[in-house]
Amino acid sequence: MLKVAVLVSGGGTNLQAILDSVDAGVITNAEISLVVSNKAGAYALERAQKKGIPTEVLAPRDYDSRDAFGEALTEVLDRAGVGLVVLAGYLVILPENFVKAYYGRMINIHPSLIPSHCGEGFYGLKVHESVLARGNKVTGATVHFVDEGTDSGPIILQKAVDVAEDDTPETLQRRVMEQAEWKILPEAIDLIANDKIEIQGNLVRRKV
């Protein structure tokens, strides 16, 4: 059974999608064993506590350096026996030592079709504002492994979503979540939990 830690900064809608997918049997051979946030008031923590899932709050500002924060985060996850880290709306720039410690065992969900509308500064509503400003007719979401770059790791899954002419950043954000994020993030976790994919360079391949 793969132990999964979900790192989240806000309300935890993606966390809820993961929890619902575990309950529905969409995610198999995995359990959500820990939820970590950088904000003590994050509603995601309450979602976890309602399911009896242990939670931790680690804020970068409470540590003397980024490396110290990375060491603390790694220690918390290692102590819980975590085999996969899921970044689900985690608005923290990850320390390099933490990324290296969990390379190949950490994934992120990004609300666009990478490599469009991604990278430094592209998060939350800013992504959807950029999509609308560019006049994209199609957007979507991407699940990828995390590396030292920003949204640059090997892509696991992508799903497209149509952009409506009367969309606002808020309506587009909601549709991308409902039609893409909440579908492909649980699917990616299930693929990893059942050892169905592998990283080959910067590519993700299905195992035969």
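In this text the structure is predicted, and so the values were computed from the model without any measurement.

(A) How the structure looks around the overall build of the protein. Each helix and strand in the protein was counted, giving six helices and nine strands. Taken over the C-alpha trace, the protein has a radius of gyration of 16 Å; the compact-globule value for 208 residues is 17 Å, and the two agree within 12%. Put simply, 64% of the contacts in the protein that link residues at least 6 apart link residues at least 24 apart. Surface accessibility of the protein: about 10100 Å² in total, with carbon and sulfur atoms responsible for 47%. Counting 21 positive and 28 negative side-chain charges, the protein places the centres of these two groups 3 Å from one another.

(B) View of the sheet that holds strand β7 (residues 155-162). Taking strand neighbours across the sheet as the criterion, the seven strands line up as β3-β2-β1-β4-β5-β6-β7 in an open arrangement whose pairing is mixed. Each edge of the open sheet carries a strand with a single partner, namely β3 (55-57) and β7. The mean inter-strand angle of the sheet, taken between neighbouring strand axes irrespective of direction, is 20 degrees. Of the pairings in the sheet, the one linking strand β1 (residues 2-7) to strand β4 (residues 84-87) comprises four bridges and is parallel in character. In the strand pairing of β4, Leu7 is matched with Leu87. Where helix α1 (residues 13-24) meets the sheet, its contacts fall on β1, β2 (30-37), β4 and β5 (106-110), and the angle it forms with β2 comes to roughly 160 degrees. Contacting β2 and β3, helix α2 (residues 43-50) runs over the sheet at an angle of about 155 degrees to β3.

(C) Spatial organisation of the pattern of salt bridges. In this structure the tally under the stated criterion is eight salt bridges. Two residues, Arg175 and Asp167, come together in a salt bridge whose shortest N-O distance is 2.8 Å. Of the charged contacts in the structure, one is a salt bridge between Glu187 and Arg206, with a shortest N-O distance of 3.9 Å. Within this pair, whereas Glu187 is found in helix α6 (residues 169-193), its partner Arg206 is found in strand β9 (residues 203-206), the two being separated by 19 residues in sequence.

(D) Broad picture of the nonpolar core. Residues Val4, Val6, Val35, Val86, Ile107, Ile156 and Ile189 are the most contacted members of the largest nonpolar core, which totals 41 residues. Once residues lying within four places of it in the same chain are set aside, the contact partners of Val86 are Val4, Ala5, Val6, Leu7, Ile18, Ile107, Leu185 and Ile189. Counting 21 residues, the second largest nonpolar core, distinct from the first, contains Ala72, Leu77, Val92 and Leu94.

(E) The arrangement of unusual backbone geometry in detail. In this model, Ile114 is joined to Pro115 through a cis peptide bond whose omega is 20 degrees. With respect to the helices and strands, Pro115 occurs in the loop between β5 and α5 (125-134). The phi angle at Asp195 is positive, at roughly 55 degrees, despite the residue not being glycine. If you trace the backbone, Asp195 turns up in the loop between α6 and β8 (197-200).

(F) Broad picture of the side chain of Ser21. Relative to the helices and strands, Ser21 is located in helix α1. Ser21 gets classed as buried once you look at its relative accessible area, which sits at 9%. If sequence neighbours within four positions are ignored, Ser21 has contacts with Val26, Ile27 and Pro186.

Analysis parameters
- Residues numbered from 1 in each chain as written.
- Predicted model: local features only at pLDDT ≥ 70, side-chain atom pairs only at ≥ 80, totals over all residues.
- Heavy atoms only, no water.
- Helix = DSSP H or I, 4+ residues; strand = E, 2+ residues; numbered from the N terminus.
- Rg over C-alpha atoms; globule rule 2.2 N^0.38 Å.
- Contact = heavy atoms within 4.5 Å.
- Areas by Shrake-Rupley, 256 points an atom, 1.4 Å probe, with all protein chains shown as cover.
- Lys, Arg positive; Asp, Glu negative; His and termini not counted.
- Charge placed at Lys NZ, Arg CZ, Asp CG, Glu CD.
- Pairing = 2+ DSSP bridges.
- Axes fitted to C-alpha atoms, helices over the stretch in contact; angles between N-to-C directions.
- Salt bridge = Lys/Arg side-chain N within 4 Å of Asp/Glu carboxyl O.
- Core = buried A, V, L, I, M, F, W, Y, C linked by side-chain atoms within 4.5 Å.
- Buried < 20%, exposed > 50% of the residue type's maximum accessible area, 1.4 Å probe, protein only.

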